[in-house]
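Examining the three-dimensional arrangement
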Amino acid sequence: MENDDLLVDTSPRDTSEQLQYPYPKKKITSISIHDHWSDGTGGQSKILEGGVDHDRVKIKLQSSHMFRGYEFTVIITGATIVSWRVNNQEQLFVSKQAIFDGKKAIRGGVPFVFPQFGSWAIGPQHGFARITQWALEKPPERLPSGDVEAIFSLQDSDFTRGIWNHAFRLSYRLILREKELHFNVGVYNPGAEAFSFTILLHTYFKAPDVRRCQITGLTGSTFIDKTQEGAVFRESRDVATISEYTDRIYCNTAGEHVICNVVSGRKMRMQKYNLPDTVVWNPWAEKAKGMSDFGDDEFPNMICVEAGHVASPVLLPPGTVFEASQILQVI
Ligand SMILES: O=P(O)(O)OC[C@H]1O[C@@H](O)[C@H](O)[C@@H](O)[C@@H]1O
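For clarity, every value in this text was computed on a predicted model and none was experimentally measured.

This part is about the sheet that holds strand β17 (residues 256–260). One open sheet accounts for eight strands, arranged β7-β8-β9-β10-β21-β18-β17-β13; its pairing is antiparallel. In this open sheet, the two strands that pair with only one neighbour each are β7 (135–142) and β13 (214–215).

Right under this line is the structure:
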């Protein structure tokens, strides 16, 4: 794909515009979308890795600083972002023991949780979206703003209907900006009956030592502590820290979190719209030992801060759309 061949932006309304941008947007002087696919499909191909076929889309943005890498990679099965590099530095944690067989959710990156957060009587934990083949609706394309976007979609199939008998259509629009990644989610109900769902972006941030991470934006929120049989507490700390097995659903949190001491001691800003809840999770040493796709010694190097609509389900009437978004920004 050449820059000159870029198409006019016909994409749907950017829900992230509903978020405030309190910081100036950096001007990018030159952009190139690197077509790393050789089969002429324009963005979707099989890459052989470790003897297993994966569908991957790699989306790159190059600034005037030639040696600075800005890119992210999505595995189309599960629409899971498995890498996001800012200034050549990986921001996301993916376990060395993660399994990429398209059947099991990937242990790390940003798996897409839908239509169920947590255990599910009628289907797999955290729903089927993270283990289902999505479509690449729109291959990477440069927008007039200079940002690069790609859109993925998922709709009901025999597989999803076998678990959850509803017509639905998910759209997942990802936009790469120099130090930012934007996530725009749309859930459409084309059917004749309402359905309800929970939804969450299960983001695993990479960190040198989780014990040094601090999370803002949780103060005053009630949380359901899944490590204490769902007991409900209220967060009184100005910044939350983690020093043990943690699995909490914070309800109605602030629209913005800053997570301190992530990669290179930097800060990560998370802004969210229509995702009222925030899950904070780290399995710690004991639980890690019981996870086959997570190394025993990896828990200090990750922190999950997950924006979602999970404390209460979304009820979606026929013919309506639910929209939500998240922006991650390295600061
Ligand atoms: O192992 P999974 O299905 O990817 O889930 C990981 C964790 O995901 C978190 O979001 C949940 O709150 C935890 O309870 C869960 O253990």
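Back to the text.
Turning our attention to the packing of aromatic side chains. Scanning the model with the defined rule gives 21 aromatic pairs in all. With a centroid separation of 6.5 Å and an interplanar angle of 35°, the aromatic rings of Tyr-172 and Phe-183 are classed as tilted. Placement of the pair is Tyr-172 in strand β9 (residues 169–177) and Phe-183 in strand β10 (residues 180–188), with a sequence separation of 11 residues. The same class applies to Tyr-172 as to Phe-183, namely buried. Put simply, the rings of Phe-114, Trp-120, Phe-128, Trp-164, Phe-168, Phe-195, Phe-197 and Phe-322 touch in pairs and so form one group of aromatic residues.

The local shell around the ligand consists of Arg-107, Phe-117, Gln-125, His-126, Arg-130, His-202, Lys-226, Asp-247, Val-279, Trp-281 and Glu-306. Gln-125 is positioned such that a nitrogen or oxygen atom in its side chain is 3.0 Å from an oxygen atom of the ligand. In the environment of the ligand, an oxygen atom lies 3.1 Å from a nitrogen or oxygen atom belonging to the side chain of His-126. Most atoms of the ligand, that is more than half of them, are within 2 Å of grid points of the largest pocket. When its residues are assigned to classes, the shell around the ligand shows three nonpolar, three polar and five charged.

What counts, and at which threshold
Residues numbered from 1 in each chain as written. Predicted model: local features only at pLDDT ≥ 70, side-chain atom pairs only at ≥ 80, totals over all residues. Heavy atoms only, no water. Pairing = 2+ DSSP bridges. Helix = DSSP H or I, 4+ residues; strand = E, 2+ residues; numbered from the N terminus. Phe/Tyr/Trp six-rings, centres within 6.5 Å; stacked < 30°, edge-to-face > 60°. Buried < 20%, exposed > 50% of the residue type's maximum accessible area, 1.4 Å probe, protein only. Near = heavy atom within 4 Å. Polar contact = N/O pair within 3.5 Å; in protein donor to acceptor, adjacent residues only side chain to side chain. 1 Å grid on protein atoms, 1.4 Å probe; cavity = no way out; pocket = protein on both sides within 12 Å on 5 of 7 lines; lining within 4 Å. Sits in = over half its atoms within 2 Å of the grid points. Nonpolar A, V, L, I, M, F, W, Y, C, P; charged D, E, K, R; others polar.

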